[in-house]
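Residues per chain are reported as follows:
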Amino acid sequence: MDLVAGANGVLICGERRYPCVLGRSGVSGDKHEGDGATPLGRFALRRVLYRPDRLTPPATALPLVPLSPHDGWCDAPDHPDYNRPVRLPHPASCETLWREDGVYDLIVVLGHNDDPPRPGLGSAIFMHVARPQGEPTEGCVALSLPDLLEILADTGPNASLTIKALPM
């Protein structure tokens, strides 16, 4: 099932509507590294990463990958690993995926700027768990853990997320 998220913070999956949180700078058709915007467009749901010490493998047709404390994601535009998963420690700037705050307990990797990655056009664009107070993301789409689990259970292996500038 394909997903659609609008700039008003609503994600639609089939007949259901879910509140979601987007980037601190809103949405943008001209995404750049560090701008805090959620990119507009249609993005494949590539795979699901999860913390096996906190969650059982979620029900989904997407590929599942358990995280480890050494997992990271390169966000250094000048490095060959840009917008790729990496093992920590890593010589370039990276996001740590094994976080204490629970935000990355469940991650859906989106196919944004990944085939191939182009330096500076945005990295680590995910669907992930929202912070308890609903603070904006750095460009990702965030949902409550129960909503994200429900959505994953309904998504097929070729699912995508379309992010639109219009309200849903």
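Quick note: structure is the one above.
Caption draft 1: Representation of the sheet that holds strand β9 (residues 85-87) in the model. One open sheet holds the three strands; their spatial order is β9-β8-β10, and the pairing between them is antiparallel. Single-partner strands in this sheet number two, and they are β9 and β10 (94-96). Neighbour-to-neighbour, the strand axes of this sheet turn through a mean angle of 40°, independent of strand direction.

Caption draft 2: Representation of empty space enclosed by the protein. This structure, assessed with the given rule, holds one cavity of 30 Å³ or more. In this structure, the largest cavity is lined by Trp73, Asn83, Val109, Leu110, His112, Asp114, Ala124, Ile125 and Phe126. Of the residues contributing to the lining of the largest cavity, the split by class is six nonpolar, two polar and one charged.

Caption draft 3: Representation of the layout of surface pockets in the model. What the largest pocket holds in volume is close to 270 Å³. In terms of lining residues, the largest pocket is bounded by 21 residues, among which Glu95, Tyr104, Ala124, Glu138 and Gly139 are the most central. Looking at the lining of the largest pocket, its residues break down into five nonpolar, seven polar and nine charged.

Criteria and thresholds
Residues numbered from 1 in each chain as written. Predicted model: local features only at pLDDT ≥ 70, side-chain atom pairs only at ≥ 80, totals over all residues. Heavy atoms only, no water. Pairing = 2+ DSSP bridges. Helix = DSSP H or I, 4+ residues; strand = E, 2+ residues; numbered from the N terminus. Axes fitted to C-alpha atoms, helices over the stretch in contact; angles between N-to-C directions. 1 Å grid on protein atoms, 1.4 Å probe; cavity = no way out; pocket = protein on both sides within 12 Å on 5 of 7 lines; lining within 4 Å. Points joined across faces, edges and corners; volume = space filled by probe spheres on them. Nonpolar A, V, L, I, M, F, W, Y, C, P; charged D, E, K, R; others polar.

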